[in-house]
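# Architecture and fold: a report
One-letter residues, chain by chain:
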Number of protein chains: 2
Amino acid sequence: MAPMPTEPPLPGSHDSDDLNRRRTAEPMLRPPHDFSRYYSCATRRRVASSVKDFYKYFAIPGIHNLAGGLPHVSYFPFDSLEATVALPNRIPKDGFVPQPQPTASPASPPASQRVVVPKESSVDDGLRRIDLATALQYGAVDGYPPLRSFIRQFVRENLHPHVPYEGGPEVILTCGATDGFSKTIEAFTNVWDENRDWIRERQGLLCEEFAYMTAIQTARPRGLNIVPVAVDSQGMKVEGERGLADVLDNWDFSRGQRPHLMYTVTIGQNPTGAVLPLERRRQIYKLCQRYDIIIIEDDPYWHLQYPSAKQNALRQGQSDSSPHTPFSVHDEPSGFPFLDSLVKSYLSIDTAGRVVRLDTFSKIIAPGCRLGWLTAQPDIVERILRISETSTQQPSGFVQSMVAKLIMGDQADDMVKKPCTEGSPGWRVDGWVRWLEGLRGGYEKRMQTMCTILEEGRFSIVQGDALSNDSNLDEWQVVDNVQMFDFDWPGAGMFVWVKFCLETHPLWSQVPAAKLANALWKYLINAPYRVIVGPGWLFAPTEDVKKYAWRYMRLCFAPVDEGAVATSSHNFIEGCRSFWQVKDIHDIDDLEDDNEE
Amino acid sequence: MAPMPTEPPLPGSHDSDDLNRRRTAEPMLRPPHDFSRYYSCATRRRVASSVKDFYKYFAIPGIHNLAGGLPHVSYFPFDSLEATVALPNRIPKDGFVPQPQPTASPASPPASQRVVVPKESSVDDGLRRIDLATALQYGAVDGYPPLRSFIRQFVRENLHPHVPYEGGPEVILTCGATDGFSKTIEAFTNVWDENRDWIRERQGLLCEEFAYMTAIQTARPRGLNIVPVAVDSQGMKVEGERGLADVLDNWDFSRGQRPHLMYTVTIGQNPTGAVLPLERRRQIYKLCQRYDIIIIEDDPYWHLQYPSAKQNALRQGQSDSSPHTPFSVHDEPSGFPFLDSLVKSYLSIDTAGRVVRLDTFSKIIAPGCRLGWLTAQPDIVERILRISETSTQQPSGFVQSMVAKLIMGDQADDMVKKPCTEGSPGWRVDGWVRWLEGLRGGYEKRMQTMCTILEEGRFSIVQGDALSNDSNLDEWQVVDNVQMFDFDWPGAGMFVWVKFCLETHPLWSQVPAAKLANALWKYLINAPYRVIVGPGWLFAPTEDVKKYAWRYMRLCFAPVDEGAVATSSHNFIEGCRSFWQVKDIHDIDDLEDDNEE
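For the structure given in this document, a descriptive report is provided here. Being a predicted model, the structure only gives us computed values, none of them experimental. (Residues numbered from 1 in each chain as written. Chains lettered and ligands numbered in written order. Predicted model: local features only at pLDDT ≥ 70, side-chain atom pairs only at ≥ 80, totals over all residues. Heavy atoms only, no water.)

At the interface, 142 residues of chain A touch 142 residues of chain B. Roughly 11500 Å² is buried in total at the junction of chain A and chain B, and carbon and sulfur atoms are behind 62% of that figure. Taken together, the connections running from chain A to chain B amount to six salt bridges. With a closest N to O distance of 2.8 Å, Arg114(B) and Glu82(A) form a salt bridge. Run the count over chain A and chain B and you get 52 residue pairs in polar contact (both at pLDDT 80 or more). For the side of chain A that touches chain B, the element with the most residues is strand β2 (residues 78-86) of chain A, which contributes nine residues. For the side of chain A that touches chain B, the per-class residue count stands at 75 nonpolar, 40 polar and 27 charged. Looking at chain direction, strand β1 (residues 64-65) of chain A and strand β15 (residues 531-532) of chain B are connected through two bridges and run parallel. Pairing of Asn65(A) across the sheet is with Ile532(B), part of β15(B). (Contact = heavy atoms within 4.5 Å. Buried area = accessible area lost by both parts, 1.4 Å probe. Salt bridge = Lys/Arg side-chain N within 4 Å of Asp/Glu carboxyl O. Polar contact = N/O pair within 3.5 Å; in protein donor to acceptor, adjacent residues only side chain to side chain. Helix = DSSP H or I, 4+ residues; strand = E, 2+ residues; numbered from the N terminus. Nonpolar A, V, L, I, M, F, W, Y, C, P; charged D, E, K, R; others polar. Pairing = 2+ DSSP bridges.)

Time to look at the relation of the copies chain A and chain B. Structural alignment of chain A on chain B gives an RMSD of 0.1 Å, achieved by rotating through 180° and translating 0.0 Å along the axis. Taken together, the rotation and translation describe the operation of a two-fold axis. Closest to the rotation axis within chain A is the C-alpha of Glu82(A), separated from it by 2.4 Å. Residue by residue, 100% of the interface of chain A is reproduced at the interface of chain B, so both copies engage with the same surface. (Least-squares fit on C-alpha atoms with pLDDT ≥ 70 in both.)

All names here are of chain A. Within the secondary structure, Asn89 is located in the loop between β2 and β3 (112-118). For Asn89, a relative accessible area of 37% gives the class partly exposed. For the pair formed by Asn89 and Asp561, sequence separation is 472 residues and the distance between their alpha carbons is 20 Å. (Buried < 20%, exposed > 50% of the residue type's maximum accessible area, 1.4 Å probe, protein only.)

All names here are of chain A. Using the criterion set out here, one finds 68 salt bridges over all chains in the structure. Note that Arg551 and Glu503 form a salt bridge whose closest N and O atoms lie 3.4 Å from each other. Of this pair, Arg551 sits in the loop between α17 (543-549) and β17 (552-556) while Glu503 sits in the loop between β14 (495-500) and α16 (513-525), and the two are 48 residues apart along the sequence. Counted as one network, the salt bridges with shared partners bring together Arg281, Glu297, Asp299, Arg357 and Asp359.

It is the contact of helix α13 (residues 397-408) of chain A with helix α13 (residues 397-408) of chain B, at a shortest axis distance of 7 Å, that shows an interaxial angle of 110°. Taken together, α13(A) and α13(B) sit at an angle that is classed as roughly perpendicular. For the pair α13(A) and α13(B), the sense of crossing is right-handed. The residues of α13(B) that touch α13(A), namely those facing Phe398(A), Val399(A) and Met402(A), are Phe398(B), Val399(B) and Met402(B). For the contact of α13(A) with α13(B), a count of residues per class yields six nonpolar, no polar and no charged. (Axes fitted to C-alpha atoms, helices over the stretch in contact; angles between N-to-C directions. Parallel < 35°, antiparallel > 145°, perpendicular 65-115°, else oblique. Left-handed = near helix turned anticlockwise from the far one by under 90°.)

With that settled, the discussion passes to the sheet that holds strand β14 (residues 495-500) of chain B. Residues and elements named next belong to chain B. Pairing within the open sheet is antiparallel, and its four strands lie in the order β13-β14-β17-β16. In this open sheet, the two strands that pair with only one neighbour each are β13 (485-487) and β16 (534-535). Note: β13 against β14, three bridges, orientation antiparallel. Residue pairing across strands places Asp486 opposite Lys499, the latter belonging to β14. Contacting β14, β16 and β17 (552-556), helix α16 (residues 513-525) crosses the sheet at an angle of about 25° to β17.

In structure tokens form, the structure reads like this:
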């Protein structure tokens, strides 16, 4: 436990010349604002390690370095790391039925290549050298230099090419978005203790009305005031009751400070699946400027924006959303139509440098990577780096070197220039983009399968053989053709957010709504339906929201085998239809008492 | 960013039966104490995720799980992970000159074996199944079940078999010891803000007088009062001025609360190399009981305890240490003489459950693993798990699965029972222990090489051709045969802590001591010596200690090629000798101004 990290590459040392030239041609750009007033007490106190002063000496040719507390590379028991990895085109753009993988066999499935990380590479350039001698040693806290350099360039040139502040954003690798969020919250909030502190010192966090609960559970123990903002099918609302303007304009200071932080999932929002269009981003950003709010944009699903969503939304009668254009294009083509088709990040309109963006490899490669990156103005990234130095240090070298090899291949030197041809190692930028398109295609197909069945089945009408044998036709008359639930086709992501019309249920007037909803949830689990979904209350960030969250359930189509999506969706419909025929209140009570049938 | 972790194995589900039977045969054991009064405000507020309530439903055979937000396994681009790894006996027990690794070549060096993590294993038992489908998916926050289960068993049965509280300790994997320490500090301390809080609310952290600075830098930004305790060649002192009893008995409450936390590196202490013997542990533990202090024992070098250290200490005239017996044995043989030879952890006398022990793979496998484990009583481990849920989640599945395969091999089922034979995959317990012995042998050889040269060269006498050409014999008379420095042979670890006798330097009376020491440090870097060492102030946890830390330098022999240890050590001696001949004060001033020659 005595790291002596090698010097992280200087910000912009690799590719900044080109960018800076381009940027200096844009004279309106100003430096990002100084948000240090928002740094937490502990974050303010962090100082750069004094070890850094030594790096210049470490670089002296022939120096005998007895200063660093590093183990000897020859004592690393790993001589090489290798992998069989997918070629970028493994998943067709229009969706894919994945072949079953050979079980416990090292035989290569189709469209794969070999990746090897040797013990020592002969490459001198630290931005191109990928080997175990460097990846498994103490290293740069902001990320393994080749990988960070690649991602930084991808972020600045391909993903967010026109961030409107001087110098553009900086990038630091994280141990996943949850780690990135945790550090951001640590950087920007003080713990509030009701037994010690004045209410006027309590800080707040804005979030969507229904939210990703791990984020909320990160913030809540710090005593932050969790402040939900109403959402619709386009994400966070600006106008209307409990919209962002309402919340901020009419802030009740008896609850604490007006929030200076916002947590938001803008693409394929979890759980609602909403995509926040650019125009609404502008409105929200404007409010954040007025009230001086830092925006934490967490976008694990940014690459899963479904082209079919817009036409689906228009075709789908029941959507209450106004016509929207989530799929805008960059100001100039990036060379990648896929990237151009994506809704721009908040970063694209971030003139002040008030956006901290979280990305993750969890939905691009695999959650077990525990690898992601954080993008923000350099000063904020520097504070996150200070926090990382005394907590996670660097992400694991095993995943960093393997992902670096997967993406950069053996030709890290010119990875951006050369096209990715079959068999040549390394995805490079075009391969990475192609991989994302395949993922989008695969998940979109699942989404369409599920949503088509849900849309067709959302009424309680039972046709032909779908009518179960024990149903009673007299009862049937009562519930004939009422709507059981409604939903918007998700614009992106992995979730369908189903809103139940429980008032059409025969027992609506006899059973409290939350109890009825819970009974439905358990009814679906029972045979023969055997479907478990996420109950709405699981996504309620506050007790107030929990009071009406019973109305919702979240269905995730992502982990289901493609062939099983239809079966699961049909079972869900059949379960709902059967539940709508329950008219004996005792059956509800039985479900309530039932832990598991 | 929507984890739905699989259920962590219940504590003790794997091997607790045997242990519990054994434990119930020890009637004196009492449950660990409740230290929840020390939990920080935020740690107190943490609640278990309500998602856990669903796990029982997930296990229903044939359930259609639409609740979890997981990506589909077929979309992980890694089809297999493979590695060439060392056999446990690669490094001879008595030290080793490592063969140069083939550069950038996948050819296997000697004493290696292949390790393969397939995409999907056919093994059903989650404690034996090692594959990418599980390792790269969202998983158990306390660690990949097969690996955590193995480590837990190793900890409870081999490393610390008789922890004297009921039920014994629990284990959670961390992203390295720095991560484990950060979470422990988060669990047990509140941030103190001098602008907001009373001095009586300020908490403190005891540590060694010279300490590992990353740990101090973790604690200091939280406003903790860093309280150094005097050390000698056996580690933290109990008696005497600034010894632990002195610090605690005479606590000055105007500085804040009496510390309730201690951070200590007890084996091969960084930077002093001290080994804390069992008897002194008992004295310190007793004081910690009296003053109700939690002990955070960070032991990255526990396996590097050098058998030669005791005889070296006795032989070495200049050691001021009283005869000590750092190498005690367990109450009953463990079956592994190596493990029996190690000084027992604080855990071995921890009747109250007040010890939190940090271990890491950084010095066992490689620092880039970012993998370690934390051992403590179950309630404390549960709080650390809650903190991990909203920060790092699990360590990377890449390193967890590879280390699991390295240690457990393909026969995870009976890994403890079978001996590790040449060529059969998996180190298992005996291979792991053998690997540790090899590491100890390799580093011990380096330590002996360096210390022998330092011991022989610690006087300024120059013999024969070692006398540099430009030295003046008149000057030489002045400094003839004075002692330049002193040191104790390290009992363990990677460091030699050199104490300079600057009062023997010709310019002692003319140059302030700290300036003279800094000049020496820079002098050593210059040609022809070219040696950089860690200056003492780098390990000073407070400004008070910094005032006399100039007297010390830390030399680390670990990262140096074995063949280069002698050269580096000789250069150090030659540099010192030459510096002791500097008698012109202007030469010192020149060094002071000099950034790099």
